[in-house]
Amino acid sequence: MELAQIIANRVRLLAVTDPQRRRKVFQVFLESVLSAEFGTVVASNPRFLAMVESVQAQIEADAELAPLVDSAVTTLLASCDDTT
C-alpha cells in the first residue's frame, strides 16, 4: 500500500467531531512520513511517538509554519474525502 493511502486510511478513522481532529491529522501525516523514512524498526520503538510529538510541537510553535500546516491538513482532509 502506498504512503498516501496509508495516511488517508488513518485519517478516515479520526472522528469528524473531534475538536483536535486537525492536529491529529497532522500527527498522522508526520508519523506516517517519518515511519516510511526511518522504517518500521524505528517506528516500533516506544520513543518514536515522543519524537513525533516533539517534532510536531516544534513545527506548531513556529508562526511562519502555521499556514503551511493548515494548508497541508486541509489538503489531506480534502484528499480523504475525495477517495471515500
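Shown above is the structure to which this text applies.
Residues numbered from 1 in each chain as written. Predicted model: local features only at pLDDT ≥ 70, side-chain atom pairs only at ≥ 80, totals over all residues. Heavy atoms only, no water.

1. Section: a nonpolar patch on the surface
- A grouping of Phe38, Val42, Met51 and Val55 is seen on the molecular surface, where their side chains present a nonpolar patch of about 290 Å² in accessible area.
- Turning to its location among the elements, Val55 is positioned in helix α4 (residues 48–61).
- Val55 sits in the partly exposed class, given a relative accessible area of 30%. (Patch = residues over 30% accessible without salt bridge, like charges linked within 9 Å, V, L, I, M, F, W, Y side chains within 5 Å. Areas by Shrake-Rupley, 256 points an atom, 1.4 Å probe, with all protein chains shown as cover. Salt bridge = Lys/Arg side-chain N within 4 Å of Asp/Glu carboxyl O. Helix = DSSP H or I, 4+ residues; strand = E, 2+ residues; numbered from the N terminus. Buried < 20%, exposed > 50% of the residue type's maximum accessible area, 1.4 Å probe, protein only.)

2. Some details on the nonpolar core
- Val11, Val25, Phe26 and Val73 are the most contacted members of the largest nonpolar core, which has 17 residues in total.
- Taken together, the elements giving at least two residues each to this core come down to α1 (3–12), α2 (21–38), α4 and α5 (66–82).
- Apart from the residues lying within four places of it in its own chain, the contact partners of Val25 are Val11, Leu14, Val73, Leu76 and Leu77. (Core = buried A, V, L, I, M, F, W, Y, C linked by side-chain atoms within 4.5 Å. Contact = heavy atoms within 4.5 Å.)

3. Structural notes on the pattern of salt bridges
- Going through the model one piece at a time under the given rule, you end up with 4 salt bridges.
- Between Asp18 and Lys24 there is a salt bridge, with its nearest N and O atoms 2.5 Å apart.
- Asp18 gets classed as buried once you look at its relative accessible area, which sits at 18%.
- Across the pair Glu60 and Arg23 runs a salt bridge whose closest N-O atoms are separated by 3.1 Å. A residue pair is termed long-range when its members are at least 10 positions apart, and Glu60 in helix α4 and Arg23 in helix α2 qualify at 37 residues.

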